[in-house]
Structures are given as structure tokens and as C-alpha cells.
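Residue-level structural notes
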Amino acid sequence: MEPRLAFEDMNVTSVSLRPTPAAEAAGRPSLTPELLAASGARYSRNNEGLEAILSKIDPTNLDKSVDSIFRMIDYGHQSIADMVPVAVFVDGVSMLLAYRIWSWCPTAGGQESSTRYIRIGPEGLMEPHELGVPPSKHDTWRRSMAAAFEAYEKSVTFWTRLGERDPALMRLPSALIEDTSEKAVRQVARMRRNYAFDRARCFLPLAARTNVMLVMSARAWVQLCQRLHAEGTPEATRLAQSLQGELLYSAPRLMKHAEAKPSFDAGQAAERSAWRETASALSGSRPTGEACPRASVTVMAPNGVTDADIAASLSFHDNRYGFMGEAAARTMVRFGWDAVAMGEIRDLNRHRTGTKHCPLVPQGFYAALDQVPDPSLDPEIPVWVGDDATAATLDALCDGDAGSAAWSLLGTQFPFEHSTTLDKFAYEAELRTGTGAHYRYAKHLSDAVAELAKTFPLSAAKIALGTAEPE
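It is worth spelling out the pairing of strand S1 (residues 11-15) at this point. Burial along S1 is one-sided: the face carrying Val12 and Ser14 is buried and the face carrying Asn11, Thr13 and Val15 is not. Where S1 lies against strand S2 (residues 85-94), 5 bridges are found, and the strand directions are antiparallel. From the neighbouring strand, Thr13 faces S2, where its bridge partner is Phe89.

On to unusual backbone geometry, then. Non-glycine residue Ala368 carries a positive phi angle of around 65°. Assignment of secondary structure puts Ala368 in the loop between strand S8 (364-365) and helix H16 (384-398). The backbone of Glu380 sits at a positive phi, close to 55°, despite the residue not being glycine. Checked against the element boundaries, Glu380 lands in the loop between S8 and H16.

Turning to its location among the elements, Leu360 is positioned in the loop between strand S7 (355-357) and S8. Under the relative-accessibility criterion, Leu360 is labelled buried at 5%. Taking C-alpha positions, Leu360 is 6.2 Å from Phe414, a pair spaced 54 residues apart along the chain. Residue contacts for Leu360: discarding those within four places in its chain leaves Leu96, Tyr99, Arg100, Trp275, Met342, Leu397, Ala405 and Phe414.

Bringing the packing of helix H12 (residues 262-281) against H16 into the picture now. Axis separation between H12 and H16 bottoms out at 8 Å; the angle between their running directions is 125°. What the angle tells us is that H12 and H16 run oblique. The handedness of the crossing between H12 and H16 is left-handed. Contacts between H12 and H16 pair Trp275, Arg276, Ala279 and Ser280 from the former with Leu394, Leu397 and Cys398 from the latter. Residue classes in the contact of H12 with H16 are distributed as 5 nonpolar, 1 polar and 1 charged.

Below, the discussion takes up the packing of aromatic side chains. The tally for this structure, following the rule as stated, stands at 7 aromatic pairs. Considering the side-chain rings of Trp159 and Tyr195, the 6.0 Å spacing of their centres and the 85° angle between planes classify their relative orientation as edge-to-face. In this pair, Trp159 sits in helix H7 (residues 138-165) while Tyr195 sits in helix H9 (residues 182-200), placing the two residues 36 residues apart along the sequence. Classification of Trp159 as buried rests on a relative accessible area of 0%. Judged by relative accessible area, Tyr195 falls into the buried class, the value being 6%. Aromatic side chains Tyr321 and Tyr427 sit 5.8 Å apart centroid to centroid with 55° between the ring planes, which places their arrangement in the tilted category. With Tyr321 in the loop between helix H13 (307-313) and helix H14 (326-329) and Tyr427 in helix H17 (residues 422-431), this residue pair connects regions lying 106 residues apart in the sequence. Assessed through its relative accessible area of 60%, Tyr321 is described here as exposed. Residue Tyr427 is classed as partly exposed on the basis of its relative accessible area of 25%. Cation over ring: Arg350 sits above Trp102, and NZ or CZ is 3.9 Å from the ring centre.

Thresholds applied
Residues numbered from 1 in each chain as written. Predicted model: local features only at pLDDT ≥ 70, side-chain atom pairs only at ≥ 80, totals over all residues. Heavy atoms only, no water. Buried < 20%, exposed > 50% of the residue type's maximum accessible area, 1.4 Å probe, protein only. Helix = DSSP H or I, 4+ residues; strand = E, 2+ residues; numbered from the N terminus. Pairing = 2+ DSSP bridges. Contact = heavy atoms within 4.5 Å. Axes fitted to C-alpha atoms, helices over the stretch in contact; angles between N-to-C directions. Parallel < 35°, antiparallel > 145°, perpendicular 65-115°, else oblique. Left-handed = near helix turned anticlockwise from the far one by under 90°. Nonpolar A, V, L, I, M, F, W, Y, C, P; charged D, E, K, R; others polar. Phe/Tyr/Trp six-rings, centres within 6.5 Å; stacked < 30°, edge-to-face > 60°. Lys NZ or Arg CZ within 6 Å of the ring centre and 35° of its normal.

In C-alpha cells form, the structure reads like this:
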């Protein structure tokens, strides 16, 4: 049975950690998030050791004990809040806002419901007013979203039938197909679903709901709330308010900072204004169809570090998690593509190092038609839905709508750029082209490594690209 997301409404829940039975049996201490930060911060003012710090804790009043160890305000550093770990689960948030959250929280650990494994239906669609769509456009937006889901269902049907007709397209091992065990049958069924979902997801609206969980410091949660308040949509504001209430359970002293801030309001408004200017420049030549995802790579090596030095520093890693040397770690890399589908951007954005840049100005629409093996085969998929989404997003952006990207689909293409170091780039390239990788990731990262090879051929040769075989 196909997994489906079931939604009712946005739900935000903080989840506390508790000691394991083994830790309790060994008599190891357990602290509330703010007590943990207070105890750690004490080290910067006193060298008495942990046992002396813990002796100041009143087990009958843990909250008051934070202030008995120190008053956070006396330290004056936001870094104290980095020592307050908080886990929060957010159910029923739009894919669009989930993407924005990940872009603002590059150091967060967490997960999101995957469109590659879960079939999503129109029952999971957000309401237009939540996304910042003006009332005058609600009916048009709903018709656009209905057309997108219809295209998605037709696409799932097409790719499912194609995979069943020609299993070789999915590169399923013959031994696995011939295996009649229950485990093998389930695995083949899952891989067939993934094959169809990977290609059909282009038509899923960014306005569809998803589930997200993140683990990060209280400082990062405070900054996220500030970002959400500045986003300008009712959904983002509501999430910020829900987070503020939920985070009081973990870090009550820090939540006073999790409010709207003029600097974030002005900064994010300026970014949206810049997107609008770019979109207005496209008004005379609106993009239709797929934009060519051309890769670009810029490398800045330290003085005296050569291509051979970098290649040598990459020689020791026997897998993507292995050792990479200083020459690669010290070399700066900015790589990206001028048009990437949001379906791929959502995951490329999740890499935790460096800075990502993605102005939400659509460049075209990717419909996975390059995956149709026979040009004479008509998939009967209404690709015009993607072109309409591109045009509607641009129109809404030019109109100054806060929810302009709410018209976009996962196949809508945007520019995407990532600045990091070469060792992290090598890791991402090997991950995104390896076993189980999405076929589109594999193309994008392979193209980027090919660009790297033009100026740093020895280093590029040390990056072990995979073949994106199925899991």
C-alpha cells in the first residue's frame, strides 16, 4: 500500500531528550537544556569542575537552578544559547516554507517527508490566504493547483506503467526481479514507486503540506523565529508564534528574543524587492519550457596551493566519509547552476556547510521528459501546467505578492548557488551521484565536477563519481 501524507492543520511540538537506562544506572547527570547551557557557560568564569557546578543544582527546582549557577544576561554572548539543544517537530507546513526554513538553518540536523517515497494528494494543499495569495487571485490559484495535481496523477500513472512494461529502465537487478521472497517483492515494489515518484514529482505544488523536524540550538531557533516574522506570509507568522510558545518548554529565558526584528524585516523585504526587479526585466520574454541547467564552478585556492596539492589531499579518502586533507579544506569553491528544479534545490539546499543563494525568480520548468526513452512515445502529460506555473509565479512576483512562489511547482526552475570548501564539494558530489541518488542530482553534480576539471583536472579526477544506481 502506498504511503500517503495525512494532514489536518499545522502542529508544532517540542520533544525533550531523556537519559538512557544505561546512563541512569551509571549515575550520569541529566540536565534541562538551559541547565546544560548554564553549566557549560560556568566554565568560562570558573575552573571548579562539573561536580562543583552540579552541586549548586536544586533537584526540586531545576528551573530556578539555572539562575543559581549564573544569570544568562550577565554573560552577554549569544554563544551561550548555542549550548541549549532543542528538537521540534512541525507537521503540516508548506513545502515552500519548509524550503525557506532549511535555507535559513544550514547547521540544523533533521528530516522532511520525502516526495520520492510518499504519494501526495490535493487533500494536503494549503489554503491560499495562508501563503500570501491575494483574495482576488484565490479562485485562479485553486484552479492552477488542481491542474497541477491532475498532471501529477497522470505522470505517476505514466511512469508506473512504463516501469512495469520495461523494468530495464529502472535498472533493477535481474536476480532481484526473479526473487519471489516477500522481502524482494516489497523491495521491487518500493523501487518501482520511487522510479515513478522521482519523475512525477515535478508537478507537485510547493503549496502542498509536508512534515519537518529539526534539531538545533536555541540560538538558531530564535533566529529562525526572527526570519519567519519577516517572511510576510500568514503561514510564516503563525509558525513563528507557535514556535515561540513551544520553545518556552525548553528555553524560556531565551525566547524573549524570538520576536520580529527591524533588521530582518528590512533585509528580507530588500531581497524580495531585488527578486521583483529581476522578474520585471523578464516581462518581455517570459521563459517557457525547460531552461538549460548550465553548471558553473569558481575555485580560489590559497597562495602556493596547486591542483596537484589539492589532488594529493584527496588521495586518502576511500569513501565520501573518509579523510580529506588541508589543501582541499582550505580551498574555496562556489558552484551552482542557472536553472535547477525546486525538487532538487530542496535537497541540495540541505547540505550544511557554507552559504546557499537562490533568488525565487523562475527560469523555466523541468517536466522529466528527457527520461522518456522513446521520442515517439506520447506520455499524455499536460506539460503546459508547468509553463503556466512559471508565468503565474513571475506575474505574482511583479505584482509584489508576498506569496509569489506559492504558484510554483517542484519542477519550477530557479538559479541556485552554493559557496563552500572543496572537500565539502567533493563529499556532496560523491553523495549525490552514488547508490540511490536521484538521477537529476547525479546530472547536476556530474556537470559541476566536469566544470571543475577544466581548471583543476587532477583534483576533479580524485572525486569518485557514482552511477546513481537504485538503492
